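Residue-level listing of the chains:
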Amino acid sequence: MTTTPVEVPSKPETQFQASRWLLSIKDLFLHAVLQDRVLQRLYPGVMHLLLFWGVSIQILGSIIALLQFELFLPFTIPFPVNTAYLWFELIMDIAGIMIILGALMALIRRLVIRPKSLVNRWDDWYAIAILLLVPIIGFFSEALRFIASQPSWRFWAPFGNILAEGLIALGVDPITADALHQFFFWGHIVVALIFVVSIPFTKLRHLITGPLNIVTRPLRPAGALEPIEDIEEAEKLGVGEINEFSSDLLLDLNTCVQCGRCEDACPSNLSGMPYSPRELILNLRKEFHSTMISANGNEIEPIMGKALDKETPWYCTTCGACLKVCPLFVNPVDTIVDLRRYLTLTTGDIPGEVGEALMGMERRGNPWSMPKESHAPWVKEMEIPIIQPGEQTDVLLFIGCAFGYDSRSQQAGKSLAKILQKASIDFAVLGDAEGCCGETARRLGHEYLFQVMAEENIETFNSIKFNRIISPCAHCFSTLKNEYPQFGGEFRVQHHTEFLSELVHEGRLRLKSSENRSVFTYHDSCYLGRYNDIYNQPRHALNAVPDLTSVELPRNKENAFCCGGGGGHMWMEIDPETRINHRRLQEVVDSTKADTIVTACPYCLIMFDDAIRSKGIGESVEVKDISEVLTDHVYSEG
Ligand code: SF4
Ligand code: SF4
């Protein structure tokens, strides 16, 4: 490659202006105050909501109460015993009970329910203990005060009052209560101060870092990685030492509450690979604390080989499942890609298959390392127009490497072209001028190569006129749509399922039922679904086939299980025991009676095809791209 990468346009100032603030406020309300993601799981959701609201109200109430003393300010703000005060007492009492209930639920969860993903670290126990101690001592202090002074309004603090009645029944008289009250009052203050002081050193830190992480997270589209700006001049390529992570990612490390939701969703972990996004984050946090805090930044060592094994960054398929479930928006994918960038661009210490795929892209322009002449032979066969600079078309079909070079996907590409021809779409392809979109290079950490490829394609797109780009590959689609704009490539990009759904909707593609009845199940591609929210269009196009029987997989849409091909895994040698595509195929076999798996991405198509062959079950189940299914049912031209 001789071309130099494009200069990354600097972020417009406006990004940080009004819209950013409005979005941050919305995020804060939705994810921190209402805790929508936490509530996706009922038991821990309710538990956390009780704790969050209880603690927040108690902190606020304590500040109001402290303002009555000349402690931090040279004046006091008295709070007379009026109606507002009585409501204040009632709310504080309820908040105290909420904390106790939440902490008890946490205790039951850890001691009795014990979900597999829950790990017990010392600060988990510490957090539960302190969350129980503060309100319990507080209630005793309040009850003793009630016994000693018998205020007429004590019924407004019902739980303190009930405890007072209980203590009286046990024989505690006003004089004893007065003596004991001093002890509990100061005990309550000391334990509350220990709670506050321990926030930075325990998982309680998420009280501060959680909301901060939610509102300051980068606002890139979900499918876009952060570019290395001025890559030619950049002194640092990727992250080799802990201090080289961006402040966003360092905040991530200190935000994680080790809840394990990411681990529960991670296909690599669930398939038995020695990898967990939670462990990745926790190991890096440990490294951060030991080098930046304990050693005061003086003894920084390389991450690889110390905090992490050198294989760790390669287990991730970048499927994004962890990103969708983390209640605090921790981002293991950006972390992984930063580590890969360092290994790929700085040390070169990468797995052999990764090196081969990248070399194929550098030398032959595609990760399959195939000669250009073998790209999409069906283009010539079907007499599809190849657009030349200066020419115009309605639809530019960006074929991509998979549909171009992989023999199974080529059949799907041909089907798509057939549909476009039948629907009389004015479309053309780029022929030899089409380059790899660079997605694989970027996910494997070769940002430089990606930027070169992006620049070449953007230049080509700019040399012709078209209304929209249609991509049949979820990875090309996501890259063209979400990542090319980082380099000035703003085009209207659609995935072929969006376009097909449109054709069906407009009546330009009419479909008939088939005599060969099949049961279909649609597999959501990670890069189409989780990264681009395209769930309904493929289903709409598929369900337009009359009399079609389709069943949903148990893990579908946002919770869909990865096919195992993303993040460069398509080209990696994976232990047969831990293959993600085998797991997903097993899910189809075990939970549906489907005989046809429908995909909307060539990676998924290839991975399922490979799994079906390996398991030798081609007689009972097959995989088809959605274009192939529709081609089988096309009735006539619209
Ligand atoms: S990264 Fe998020 S989902 Fe994973 S353990 Fe930490 S807080 Fe939980
Ligand atoms: S992106 Fe997918 S494979 Fe990677 S850590 Fe997250 S859940 Fe696991």
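This structure is a prediction, so every number in the text was calculated from the model and none was measured.

### Concerning the overall build of the protein chain
Here's step 1: Check the secondary structure of the protein chain and you find 25 helices and ten strands.
Here's step 2: Dimensions of the protein chain, computed from C-alpha atoms along their principal axes, come out at roughly 100 × 60 × 45 Å.
Here's step 3: Per-residue burial over the protein chain gives 45% buried out of 638 residues.
Here's step 4: By sequence separation, contacts in the protein chain at least 24 residues apart represent 80% of the contacts at least 6 residues apart.

### Things to note about the site of ligand 1
Here's step 1: What surrounds ligand 1 is a group of 14 residues, the closest being Cys256, Cys259, Cys262, Cys326 and Val330.
Here's step 2: Contributions of two or more residues to the shell around ligand 1 are made by helix H9 (261-265) and helix H11 (277-294).
Here's step 3: If you tally residues by element for the shell around ligand 1, the top one is H11, at three residues.
Here's step 4: Along the lines of polarity and charge, the residues of the shell around ligand 1 split into ten nonpolar, two polar and two charged.

### Considering the domain arrangement of the protein chain
Here's step 1: By the assigned domains, the protein chain splits into domain 1 (18-213), domain 2 (217-347), domain 3 (365-505) and domain 4 (519-631).
Here's step 2: Taking only C-alpha atoms into account, the centre of domain 1 sits 57 Å from that of domain 3.

### Some remarks on the environment of glutamate 299
Here's step 1: Summarising the element assignment, glutamate 299 is placed in the loop between H11 and helix H12 (321-325).
Here's step 2: Look at glutamate 299 and you get exposed, because 9 C-beta atoms sit within 10 Å.
Here's step 3: In this structure the C-alpha to C-alpha distance between glutamate 299 and alanine 179, which are 120 residues apart in sequence, comes to 53 Å.

### Overview of the sheet that holds strand E6 (residues 519-522)
Here's step 1: Spatial ordering of the open sheet is given by E7-E6-E8-E9, a layout of four strands whose pairing is parallel. At either margin of the open sheet sits one strand with a lone partner, and together these are strand E7 (549-551) and strand E9 (622-625). Going across the sheet, the axis of each strand differs from the next one's by a mean of 35°, ignoring polarity.
Here's step 2: In this sheet, strand E8 (residues 596-599) lies alongside E6 in parallel orientation, the contact comprising three bridges.

### A closer look at the sheet that holds strand E4 (residues 493-495)
Two pairing modes exist for strands in a sheet, parallel and antiparallel, and in both the strands are linked by backbone hydrogen bonds.
Here's step 1: Taken together, four strands build an open sheet; the order of strands is E2-E1-E3-E4 and the sheet is parallel. Taken across any chain shown, the strands that pair with only one partner, and hence form the sheet edges, are strand E2 (427-428) and E4.
Here's step 2: The pairing of strand E1 (residues 392-397) with E2 spans two bridges and is parallel. Bridge pairing in E2 links valine 395 to phenylalanine 427.
Here's step 3: Along the sheet, helix H21 (residues 496-505) makes contact with strand E3 (465-471) and E4, crossing E4 at roughly 80°.

### Looking at helix H7 (residues 206-216)
Here's step 1: By the burial criterion, the buried members of H7 are His206, Thr209, Gly210, Asn213 and Ile214. Burial along H7 is one-sided: seen end-on, the buried residues are contained in an arc of 130°.
Here's step 2: In this fold, the buried residues of H7 make contact with helix H1 (18-33) and helix H8 (247-253).

### Concerning unusual backbone geometry
Here's step 1: Positive phi is not limited to glycine here, since glutamine 150 has a value of about 45°.
Here's step 2: Considering the arrangement of structural elements, one finds glutamine 150 in the loop between helix H4 (122-149) and helix H5 (158-169).
Here's step 3: Of the residues examined, glutamine 150 has 11 C-beta atoms within 10 Å and is grouped as exposed.
Here's step 4: Phi is positive for glutamate 383, close to 55°, though the residue is something other than glycine.
Here's step 5: Mapped onto the secondary structure, glutamate 383 falls in the loop between helix H15 (378-381) and E1.

### Observations regarding the packing of H4 against H5
If you want to describe how two helices pack, look at the angle between their axes and the distance between the axes.
Here's step 1: Between H4 and H5, the least distance of the axes is 8 Å, while the angle of their chain directions is 65°. On the basis of their axis angle, the class for H4 and H5 is roughly perpendicular. Considering how the two elements wind past one another, H4 and H5 form a crossing that is right-handed. Contacts between H4 and H5 pair Phe139, Phe140, Glu142, Ala143, Phe146 and Ile147 from the former with Phe159, Gly160, Asn161, Leu163, Ala164, Leu167 and Ile168 from the latter.
Here's step 2: A per-class count over the contact of H4 with H5 returns ten nonpolar, two polar and one charged.

### Overview of the site of ligand 2
Here's step 1: The environment of ligand 2 is formed by 14 residues, the closest being Cys266, Pro277, Cys316, Cys319 and Cys322.
Here's step 2: Contributing elements (two or more residues each) for the shell around ligand 2: helix H10 (267-270), H12 and helix H13 (332-347).
Here's step 3: Across the shell around ligand 2, the residue classes break down as ten nonpolar, four polar and no charged.

### Looking at helix H19 (residues 447-462)
Here's step 1: Relative to the 22 Å expected for 16 residues at 1.5 Å per residue, H19 spans 22 Å between its end C-alpha atoms, a close match to the ideal helical length.
Here's step 2: Across the 16 residues that make up H19, a large majority, twelve, are buried.
Here's step 3: Looking at H19, one finds that the buried residues are Glu447, Tyr448, Leu449, Phe450, Gln451, Val452, Met453, Ala454, Glu455, Glu456, Asn457 and Phe461.
Here's step 4: In this fold, the buried residues of H19 make contact with H13, helix H14 (352-364) and helix H18 (439-443).

### Observations regarding the pairing of E9
Here's step 1: As paired strands, E8 and E9 are joined by four bridges and run parallel to one another. The residue of E9 that forms the bridge with isoleucine 597 is valine 623.
Here's step 2: Taken together, E8, helix H24 (residues 602-615) and E9 form a β-α-β motif whose crossover is right-handed.

What counts and how
Residues numbered from 1 in each chain as written. Chains lettered and ligands numbered in written order. Predicted model: local features only at pLDDT ≥ 70, side-chain atom pairs only at ≥ 80, totals over all residues. Helix = DSSP H or I, 4+ residues; strand = E, 2+ residues; numbered from the N terminus. Buried ≥ 20, exposed ≤ 12 C-beta atoms within 10 Å, placed from the backbone. Contact = placed C-beta atoms within 7 Å. Near = placed C-beta within 6 Å. Nonpolar A, V, L, I, M, F, W, Y, C, P; charged D, E, K, R; others polar. Domains from an automatic or database assignment. Pairing = 2+ DSSP bridges. Axes fitted to C-alpha atoms, helices over the stretch in contact; angles between N-to-C directions. Arc of directions from axis to C-beta. Parallel < 35°, antiparallel > 145°, perpendicular 65-115°, else oblique. Left-handed = near helix turned anticlockwise from the far one by under 90°. Expected span 1.5 Å × (residues − 1). Right-handed = clockwise from strand over helix to strand, strands pointing away.

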